[in-house]
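What follows is each chain in one-letter form.
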Amino acid sequence: MQSFFGRGSRNQRTFRPKKSAPAGNNGMKLKRHIDATLGSGNLREVVRLPVGEDLNEWLAVNTVDFFNQVNILYGTLMEFCTPATCPTMSAGPKYEYRWADGVKIKRPIEVSAPKYVEYLMDWIEAQLDEESIFPQKLGAPFPPNFRDVIKTIFKRLFRVYAHIYHSHFQMILKLQEEAHLNTCFKHFMLFTWEFQLIDRAELAPLRELIEPILVGH
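What you are looking at is a predicted structure, and each value in this text was computed from that prediction instead of being measured.

Engineer: Help me out: how do you make sense of unusual backbone geometry in this one?
Structural biologist: Among all residues except glycine, the phi angle is most often negative; among peptide bonds, the trans geometry is most common. A positive phi angle is found at Gln176, which is not glycine, with a value near 60°. Looking at where Gln176 falls in the secondary structure, it is placed in the loop between helix H6 (169-174) and helix H7 (178-194). Unlike most non-glycine residues, Gln196 shows phi in positive territory, near 50°.

Engineer: I would appreciate a short explanation of the packing of aromatic side chains in the present structure.
Structural biologist: Aromatic rings in a pair are described by how distant their centres are and how their planes are angled relative to each other. Counting across every chain of the model gives 16 aromatic pairs. With a centroid separation of 6.5 Å and 70° between ring planes, the pair formed by Trp99 and Trp123 is classed as edge-to-face. Of the two residues, Trp99 is situated in the loop between strand E4 (96-97) and helix H4 (113-129) and Trp123 in helix H4; the sequence distance between them amounts to 24 residues. Comparing Trp99 with Trp123, the two get one shared label, buried. Centre to centre, the rings of Phe154 and Phe191 are 5.8 Å apart; their planes meet at 20°, and the pair counts as stacked. Remark: Phe191 occurs in helix H7 and Phe154 occurs in helix H5 (residues 146-167); sequence separation between them is 37 residues. Judged by relative accessible area, which is 0%, Phe154 ranks as buried. A relative accessible area of 0% means that Phe191 is categorised as buried. The ring of Tyr119 has Lys115 lying over it, and the distance from NZ or CZ to the ring centre is 5.0 Å. The cationic tip of Arg156 hangs over the ring face of Trp123; the distance from NZ or CZ to the ring centre is 4.6 Å.

Conventions adopted
Residues numbered from 1 in each chain as written. Predicted model: local features only at pLDDT ≥ 70, side-chain atom pairs only at ≥ 80, totals over all residues. Heavy atoms only, no water. Helix = DSSP H or I, 4+ residues; strand = E, 2+ residues; numbered from the N terminus. Phe/Tyr/Trp six-rings, centres within 6.5 Å; stacked < 30°, edge-to-face > 60°. Buried < 20%, exposed > 50% of the residue type's maximum accessible area, 1.4 Å probe, protein only. Lys NZ or Arg CZ within 6 Å of the ring centre and 35° of its normal.

Shown next as C-alpha cells:
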C-alpha cells in the first residue's frame, strides 16, 4: 500500500524535501482537485470541501500543501533571515513567539526567527510522517485529536507569514514576490477561516491585512 503522504523531489528554493501525496490514492485525487480549482482563480471555491469527500482527508491534503507553500516562501528569504537580523521570532514590536513542542522542549524558549522556523518545520514534518496522526493507508482512521493537531500546525504556520510580512516585506518587494506571497496568504487565510482553524486573537499581528480578505466570506 502506498503511503498517503510521501516525499516529493527536493525544490532548490526550499530548505527541506517537499512533501506530496503520491499517485494512486485519494490524497492525490484531492490534490488534483486543489490544483484544478486554483487554476480558476477563485480562491473561495478552492478552499471548500468537495461534495462527498471526507473532511479530515481534505484538511490533511491541504495541510501538506500549505506546509510546502510556506517552506518555499521562507526558503527564498533564508539568507536574509538570520540570527543577526532576526534574533527573536517576532511579528512587529508587540508580538514575539517562543518555541515549545511539549516533548523535546517542554517550556517555551526564546530563539531566533530562523531557529524557530527550523524547529517548526521539523515538528510539522514529524507530524506528517507520524502514521497515527496522518494515516498512511487508505481507509485508516484519523485520530480523535486530529483537528487539534491541524489547528496547532496552522497557528504556527501563520506566525511565519506574520514574521515575513513584518520583518521581510521590503525584501519580498525587491525579489518581486509580493503578488505570490499575497496570493499564498489569501489562500491560507480563506482556508483557515472556512474551517475555523486559528483563534481570532492569534490573527492580530496581520489584522489589517486579513480583514479585506475575509470580507464577504
